[in-house]
Amino acid sequence: MDKRVAIVTGASRGIGRGIAKRLAKDGRHVVAVARNAEQLQSLEAEIIAAGGSCEHRTCDIADGLAVQRMVEEVSEKHGRLDILVNNAGITKDGLLMRMSDADFDEVINVNLRSVFIACRAASRPMLRGKFGRVVNIGSVSGVEGNKGQANYASAKAGVIGLTKSMAKELGAKGITANVVAPGFVETDMTAFLGPDDKKKVAEHITVGRLGIPEDIAAAVAYLTADDAGYITGQVLVVDGGLPM
Ligand code: NAI
């Protein structure tokens, strides 16, 4: 494989799908990962029809061993791993005083522990290749905290600590690690907002609209570029100017 190989988790829909399409357009070989094979197949077909390079893999990122294997198998198959975008994530919102242990643990497992495992597994092939670009998708909730999101905000804040630590450990080896922290983006995750809610939210956003997956994909493309090697350990907030 002479193209740079990029794993994108949660690529079946929403922000991850946008990131996968953008990285493929930029000449990367994209390994699109999620649970839903059908949606991944349609993404792969879309990318290939547009002249890009893509393969897909189903993996439940709630299963740490499966995440570890997935990263190892991709690196072994291609003899390299250049880019890792940990994007898959879930919410299980509820007020702190009513939040169950199970809802806290599940969100930490999917949104933070899986990111740790993928980063650890990616370190080895990236060190071998003397090159790596890691982007972990955080959230403004992880920077500011948010009502009803004690679990999610904790996980996303944890992703920032993990990413900054990785950046410090591997920076001298040609590997960068950064967080992209989106605000409100129109995906299934924010589908609970009706048209009126969206209008109200948009009124508070400086640029006057909710984000779209392409807005986040542009930031990921920037941070994973070959010439982005001097940007590491950063949290790039992409929220259209959203006061929390
Ligand atoms: P989405 O719900 O549309 O897509 C989530 C993706 O993650 C899907 O591809 C889904 O299959 C995958 N996924 C979830 N659990 C998985 C598991 N156990 N195994 C494998 N794949 C799994 O969500 P969206 O909005 O595209 O979110 C993507 C990322 O952006 C998440 O990390 C989310 O926390 C973050 N984010 C989203 C915001 C928004 O407003 N939509 C705001 C801030 C952050």
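Residues numbered from 1 in each chain as written. Predicted model: local features only at pLDDT ≥ 70, side-chain atom pairs only at ≥ 80, totals over all residues. Heavy atoms only, no water.

> Any chance you could explain the packing of helix H1 (residues 14–25) against helix H8 (residues 213–223) here in plain terms?
Pairs of packed helices are described in terms of their axes, by the angle between the two and the distance that separates them. It is the contact of H1 with H8, at a shortest axis distance of 8 Å, that shows an interaxial angle of 50°. Considering their axes alone, H1 and H8 lie oblique with respect to each other. Considering only the axes of H1 and H8, their crossing is right-handed. Where H1 approaches H8, its residues Gly14, Ile15, Gly18, Ile19, Arg22 and Leu23 are matched on the opposing element by Pro213, Ile216, Ala217, Ala218, Val220 and Ala221. Here the residues of the contact of H1 with H8 are counted per class, giving nine nonpolar, two polar and one charged. (Axes fitted to C-alpha atoms, helices over the stretch in contact; angles between N-to-C directions. Helix = DSSP H or I, 4+ residues; strand = E, 2+ residues; numbered from the N terminus. Parallel < 35°, antiparallel > 145°, perpendicular 65-115°, else oblique. Left-handed = near helix turned anticlockwise from the far one by under 90°. Contact = heavy atoms within 4.5 Å. Nonpolar A, V, L, I, M, F, W, Y, C, P; charged D, E, K, R; others polar.)

> How do you make sense of the site of the ligand when you look at a structure like this?
Around the ligand, a shell composed of 29 residues is seen, among which Ser12, Asn87, Tyr152, Val185 and Thr187 lie nearest. In this structure, serine 12 approaches the ligand through a side-chain N or O atom, which is 2.7 Å from an oxygen atom. A total of 820 Å² of accessible area belongs to the ligand in isolation, and the protein chains cover 96% of it. Residue classes in the shell around the ligand are distributed as 14 nonpolar, ten polar and five charged. (Near = heavy atom within 4 Å. Polar contact = N/O pair within 3.5 Å; in protein donor to acceptor, adjacent residues only side chain to side chain. Areas by Shrake-Rupley, 256 points an atom, 1.4 Å probe, with all protein chains shown as cover.)

> Could you clarify how one ought to interpret the packing of aromatic side chains in this entry?
Describing an aromatic ring pair means giving the distance of the ring centres and the angle of the ring planes. With the rule as written, the count across this model stands at zero aromatic pairs. A cation over a ring is seen here: arginine 4 above phenylalanine 131, with NZ or CZ 3.6 Å from the ring centre. (Phe/Tyr/Trp six-rings, centres within 6.5 Å; stacked < 30°, edge-to-face > 60°. Lys NZ or Arg CZ within 6 Å of the ring centre and 35° of its normal.)

> Whenever I open this one, the environment of alanine 221 confuses me. Can you help?
Structurally, alanine 221 is set in helix H8. Sequence-wise, alanine 221 and isoleucine 19 are 202 residues apart; in three dimensions their C-alpha atoms are separated by 7.8 Å. Beyond its immediate chain neighbours, meaning those up to four positions away, alanine 221 contacts Arg22, Leu23 and Asp26.

> Just to check I follow, could you spell out the pairing of strand S6 (residues 175–182) for this structure?
Counting buried positions along S6 yields eight of eight residues, so the element is predominantly enclosed. Here S6 shows no split at all, with Ile175, Ala177, Val179 and Ala181 on one side and Thr176, Asn178, Val180 and Pro182 on the other all buried. Across six bridges, strand S5 (residues 132–137) lies against S6 in parallel orientation. Residue pairing in the sheet places glycine 132 in a bridge with isoleucine 175 of S6. As defined by bridge partners, S6 adjoins strand S7 (residues 235–238) across four bridges and the pair is classed as parallel. Considered in S7, the bridge of valine 180 is made with leucine 236. (Buried < 20%, exposed > 50% of the residue type's maximum accessible area, 1.4 Å probe, protein only. Pairing = 2+ DSSP bridges.)

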